[in-house]
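Listed below, chain by chain, are the residues.
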Amino acid sequence: MSAAGRSAVPSELDLAYRECERITRAEARNFSYGIRLLRPERRGALCAVYAVARRIDDIGDGDLPPAAKLARLDQVRAALRQLPEAGGDPVLLALADASERLPIPIDALGELVDGCLADVQGTRYDTFDDLVGYCRQVAGSIGRLSLGVFDLRPTVPRTVASELADTLGIALQLTNILRDIVEDRRDGRVYLPRADLERFGCTLTPGVDGGLADPPERLAELVRWQAQRAERYYRTGLRLLPLLDRRSAACVAAMAGIYHRLLERIVADPQAVTRRRVSLPGWQKAYVAARAMTRSSA
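Residues numbered from 1 in each chain as written. Predicted model: local features only at pLDDT ≥ 70, side-chain atom pairs only at ≥ 80, totals over all residues. Heavy atoms only, no water.

Draft legend 1. Quick peek at the pattern of salt bridges. Scanning the model with the defined rule gives 16 salt bridges in all. Where D61 meets R189, a salt bridge forms, and the shortest distance between an N and an O atom there is 2.9 Å. You can see D61 sitting in helix α3 (residues 40–61) and its partner R189 sitting in the loop between α9 (181–186) and α10 (194–199), a full 128 residues away along the chain. Residue D61 is classed as partly exposed on the basis of its relative accessible area, which comes to 49%. (Salt bridge = Lys/Arg side-chain N within 4 Å of Asp/Glu carboxyl O. Helix = DSSP H or I, 4+ residues; strand = E, 2+ residues; numbered from the N terminus. Buried < 20%, exposed > 50% of the residue type's maximum accessible area, 1.4 Å probe, protein only.)

In structure tokens form, the structure reads like this:
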């Protein structure tokens, strides 16, 4: 790609963007289907955002002791505050260039760090409102960062679009939480609110078979209940699509469409999340992306 930077020679910057795109192709198993629908200069910018977010997530999900994770997160936060001085880090170099060219709210990455800190500290959530606050940090922030890369249609207030992007991010994160309920529990993390667990008589105690020991029918009711909440966030968040230009709308429709279908699969078989990691086959993701591009062209 030909992203020209003011503070770095083009070849160094090209290599930086290529590294971000490599990370995205390797790690963004769902998001990459939408990202590839953007124009090259926008695609590279969103890959830079994703690569930094991936770095933060990898610290939280890695094998380091908690104290070392907290120290690494502090280092990332400090580096983001000094972003123009990328120090030879290709990911930060690309992000610095992208944020110079586009209205990317870099401060939102600090919210992602805050959410990751909560993960490392094993924070539990008493109410659904508490959980939404966490989702806003780790996924709503990504929605707002992504919006900085997208093109808005003329006369659309960015504040309105930002709120919808935040809401759509929450929908995606709620879907993630349901998908990973067993995996997270094995890692000592429980995201579903205490109030909801008590309401449905569930504890998410690990079972001897690697699943959960809760009565299956109660767990299914709990999952459906949370899925209904996520669905409401999708309905509101997807109002963002007509506010975006064609390529940006296709990107969002593809990414959200894949997660929305994943939620539908979970609702159809709530106990599936206790047996395996629920996912969509590659061909179905590609179909959602192609359909998103076709609809945005209509």
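Moving on, there is more to tell.
Draft legend 2. Structural detail: the packing of aromatic side chains. For the coordinates displayed, the defined rule picks out 6 aromatic pairs. Ring geometry for F200 versus W225: centroids 6.1 Å apart, planes at 50°, classification tilted. With F200 in the loop between α10 and α11 (216–237) and W225 in helix α11, this pair connects stretches of sequence that are 25 residues apart. With relative accessibility at 13%, the residue F200 sits in the buried group. Under the relative-accessibility criterion, W225 is labelled partly exposed at 24%. Aromatic rings pair up to connect Y125, Y134 and Y191 into one cluster. (Phe/Tyr/Trp six-rings, centres within 6.5 Å; stacked < 30°, edge-to-face > 60°.)

Draft legend 3. Main features of the nonpolar core. Grouped together as the largest cluster of nonpolar side chains are 98 residues, with contacts concentrated most on I56, L95, L109, L131 and F150. The residues touching L109, leaving out its near neighbours within four places in the chain, are V52, I56, L80, L95 and L145. Ranked by size, the runner-up nonpolar core spans 10 residues in total, among them L37, A254, A289 and A292. (Core = buried A, V, L, I, M, F, W, Y, C linked by side-chain atoms within 4.5 Å. Contact = heavy atoms within 4.5 Å.)

Draft legend 4. A look at the confidence of the model for the chain. Across the chain, the average pLDDT comes to 92, with 95% of residues at or above 70. Contacts for the low-pLDDT stretch residues 1–6, under 50 throughout, to residues beyond four places or in other chains number 18 contacts. (pLDDT = per-residue confidence, 0-100.)

Draft legend 5. Just empty space enclosed by the protein, in detail. Across all of its chains, the model carries 3 cavities of 30 Å³ or more by this definition. Reported here for the largest cavity is a volume of approximately 50 Å³. Every residue lining the largest cavity is listed: A118, D119, G122, T123, R124, Y125, G188, R189, V190 and Y191. If you go around the second largest cavity, the residues you meet are I177, I181, D184, R185, R189, V190, Y191, L192 and L204. It is α9 that provides the largest number of residues to the lining of the second largest cavity, a total of 3 residues. For the lining of the second largest cavity, the residue count by class is 6 nonpolar, no polar and 3 charged. (1 Å grid on protein atoms, 1.4 Å probe; cavity = no way out; pocket = protein on both sides within 12 Å on 5 of 7 lines; lining within 4 Å. Points joined across faces, edges and corners; volume = space filled by probe spheres on them. Nonpolar A, V, L, I, M, F, W, Y, C, P; charged D, E, K, R; others polar.)

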